Amino acid sequence: MPRSFVWVCVLSAATLATSQAVAADAIAGKKKAASCAVCHGIDGLHKAPDAPNLAGNSAEYIIKQLKAFQTGARQHEQMSIIAKGLKGGDVDNLAAWYSSLKVTVEMPK
Ligand code: HEC
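No experiment lies behind these values; they were computed from the predicted model shown.

A. Layout of the overall build of the protein. The helix and strand tally for the protein stands at 6 helices and 0 strands. The helix and strand sequence of the protein, counted from the amino end, reads α-α-α-α-α-α. Counting only residues that meet the buried cut, the protein has 19% of its 109 residues in that class. Residue pairs in contact within the protein that sit at least 24 positions apart in sequence constitute 64% of those at least 6 positions apart.

Quick look at the structure:
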């Protein structure tokens, strides 16, 4: 593999990592997620029977759902209030946190 090609890959990976770190902070999201744990679980696997798992969902999906609760496009007695209470980078940070959790699935035999 030509050396210049390898450098382009390394540089683009570095740029990508930096821009993501600026856009969303998974550690801040983890702290904020403490307020979600009673229903969605500390590990993003739901505790309340009517709450979905959040662990391992894509950040894109989580952001889309939280924004839908905020605008009213999606409505739920509790989540609409909770989502509207999120400020600043909370939505992006929470999405970064939950999407960083790795989920394994066991298929039925
Ligand atoms: C009191 C329980 C409760 C708390 C606390 C709570 N949620 Fe929820 N959440 C729910 C329920 C129930 C739903 C399913 C709503 C529905 O049926 O449309 C939900 C749905 C969601 C969804 C949509 C997921 C999907 O797959 O459709 C997201 C994202 C979400 N919650 C994020 C959060 C975040 C982030 C927090 C903390 C800031 C939080 N929730 C706190 C109960 C809760």
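B. Quick peek at the site of the ligand. Around the ligand sit 18 residues in total, of which Cys36, Cys39, Ala51, Gln65 and His76 are the nearest. Counting residues per element, the ones that place at least two in the shell around the ligand are helix H3 (37–40), helix H4 (59–71) and helix H5 (79–84).

C. Here's a closer look at helix H6 (residues 90–100). The buried fraction of H6 amounts to 9 of the 11 residues, a majority that puts the element mostly inside the structure. Along H6, the positions that sit buried rather than exposed are Val91, Asp92, Asn93, Leu94, Ala95, Ala96, Trp97, Tyr98 and Ser99.

D. Looking closely at H4. Taking 1.5 Å per residue as the helical rise, H4 with its 13 residues ought to reach 18 Å, and the 18 Å between its terminal C-alpha atoms agrees with that figure. The complete set of buried residues in H4 reads Ala59, Ile62, Leu66 and Phe69. Buried positions in H4, seen along its axis, are confined to an arc of 100 degrees and lie on one side of it. In H4, those exposed residues whose orientation departs by more than 90 degrees from the buried face are Glu60 and Thr71.

E. Local environment of the nonpolar core. In terms of nonpolar packing, the biggest core is built from 15 residues, with Ile62, Leu66, Leu94, Ala95, Ala96, Trp97 and Tyr98 touching the most fellow members. Of all the secondary-structure elements, those providing two or more residues to this core are H4 and H6. Beyond its immediate chain neighbours, meaning those up to four positions away, Trp97 contacts Ala26, Gly29, Lys30 and Ala33.

F. Looking closely at the confidence of the model for the protein. Residues at a pLDDT of 70 or more form 80% of the protein, whose mean pLDDT is 88. Note that residues 9–21 has pLDDT below 50 and, in this model, 0 contacts with residues that lie over four places away or in other chains.

G. Focus on the packing of H4 against H6. Viewed as axis vectors pointing N to C, H4 and H6 meet at an angle of 140 degrees, and their least axial separation amounts to 8 Å. Overall, the two elements H4 and H6 adopt an arrangement that is oblique. You can see that H4 and H6 cross each other, and the crossing is right-handed. Along the contact surface, H4 presents Ala59, Ile62, Ile63, Leu66 and Lys67, while H6 presents Val91, Asp92, Leu94, Ala95, Ala96, Tyr98 and Ser99.

H. The environment of Lys47, seen in detail. On the secondary structure map, Lys47 appears in the loop between H3 and H4. Sequence spacing of Lys47 and Ala37 is 10 residues, and the spatial spacing of their C-alpha atoms is 7.8 Å. Residue contacts for Lys47: discarding those within four places in its chain leaves Val38, Cys39 and Gly41.

Conventions we followed
- Residues numbered from 1 in each chain as written.
- Predicted model: local features only at pLDDT ≥ 70, side-chain atom pairs only at ≥ 80, totals over all residues.
- Helix = DSSP H or I, 4+ residues; strand = E, 2+ residues; numbered from the N terminus.
- Buried ≥ 20, exposed ≤ 12 C-beta atoms within 10 Å, placed from the backbone.
- Contact = placed C-beta atoms within 7 Å.
- Near = placed C-beta within 6 Å.
- Expected span 1.5 Å × (residues − 1).
- Arc of directions from axis to C-beta.
- Core = buried A, V, L, I, M, F, W, Y, C linked by C-beta atoms within 7 Å.
- pLDDT = per-residue confidence, 0-100.
- Axes fitted to C-alpha atoms, helices over the stretch in contact; angles between N-to-C directions.
- Parallel < 35°, antiparallel > 145°, perpendicular 65-115°, else oblique.
- Left-handed = near helix turned anticlockwise from the far one by under 90°.

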